[in-house]
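Listed here are the chains, written in short residue letters.
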Amino acid sequence: MDVPVLHRLALNESPYPPLPSVRKAMRRVVAQANRCPPFHADQLTERIAEWCGVAPDCVAVGSGSVGVALQLLQAVVRRGDTVAYAWRTFDAYPLLAERVGARPAPVPLLPDGRQDLAALLAVLGPRTRVVVRCRPSTAGEGPGTSCQTPTDGNCI
């Protein structure tokens with residue numbers, strides 16, 4: 001009997017193997033796996049910035065979105081500060097907040113799945129250092145519908 005393989009889609013895992021081009025690139029660099037990567041990712045940062053049409057100082061690189069978010073929180077949050085975020089969106093937010101010693105402040109999504117910006121504003125206080133604003137907040141939302149302002153509906 002075949003046992004199905006569990007895929008954690010919430011973690012962006014794919015049930016499919018790497019693309020042939022990815023496997024080829026991995027084979028090309030495996031001979032250098034004993035070497036440390038560059039200390040600063042300057043070349044990668046510059047290439048991403050060029051591709052996005054922004055200045056390199058607008059790009060943060062790290063070990064995935066969770067790694068970059070952790071770096072940001074470590075840079076700006078002090079023990080006991082608050083990190084506010086819509087919930088339920090991304091499972092890492094409360095874990096990252098706790099990891100840096102912050103008080104998680106989850107704000108429930110609206111019944112239609114949009115983020116409740118008025119409720120996010122209501123949890124802000126003197127110790128709030130970060131407000132996470134997902135965009136889009138759900139997969140079905142497109143530009144112009146991904147948030148709700150406290151006063152007039154949708155914004156970009």
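Residues numbered from 1 in each chain as written. Predicted model: local features only at pLDDT ≥ 70, side-chain atom pairs only at ≥ 80, totals over all residues. Heavy atoms only, no water.

Right, let's talk about the sheet that holds strand E2 (residues 103-108) for a bit. Sheet architecture is open: three strands sit in the order E2-E1-E3, paired in parallel fashion. Looking at the sheet topology across the chains shown, the edges are occupied by E2 and strand E3 (128-132). Pairwise comparison of adjacent strand axes, ignoring direction, gives a mean angle of 25° for this sheet. Summarising the sheet, strand E1 (residues 82-87) and E2 pair through six bridges and their orientation is parallel. Bridging from a neighbouring strand, Tyr85 pairs with Pro106 of E2. Sitting on the sheet, helix H4 (residues 92-99) touches E1, E2 and E3, and the angle it makes with E1 is about 170°. (Pairing = 2+ DSSP bridges. Helix = DSSP H or I, 4+ residues; strand = E, 2+ residues; numbered from the N terminus. Axes fitted to C-alpha atoms, helices over the stretch in contact; angles between N-to-C directions. Contact = heavy atoms within 4.5 Å.)

With 78% of its residues at a pLDDT of 70 or more, the protein shows a mean pLDDT of 82. Here strand E5 (residues 153-154) stands out as the element of the protein with the lowest mean pLDDT, 38, in contrast to E2, whose mean of 96 is the highest. (pLDDT = per-residue confidence, 0-100.)

We now examine the side chain of Arg114. Relative to the helices and strands, Arg114 resides in the loop between E2 and helix H5 (117-122). In this structure the side chain of Arg114 is engaged in a polar contact, spanning 2.8 Å, whose partner is the side chain of Asp112. (Polar contact = N/O pair within 3.5 Å; in protein donor to acceptor, adjacent residues only side chain to side chain.)

Going through the model one piece at a time under the given rule, you end up with four salt bridges. Put simply, Asp112 and Arg114 hold a salt bridge, and the shortest N to O gap is 2.8 Å. (Salt bridge = Lys/Arg side-chain N within 4 Å of Asp/Glu carboxyl O.)

What follows is about the environment of Gly113. Looking at the secondary structure, you find Gly113 in the loop between E2 and H5. A residue is classified by how much of its surface remains accessible, and Gly113, at 13% relative accessible area, is buried. Along the sequence, Gly113 and Arg88 sit 25 residues apart, while their C-alpha atoms lie 9.0 Å from each other. (Buried < 20%, exposed > 50% of the residue type's maximum accessible area, 1.4 Å probe, protein only.)

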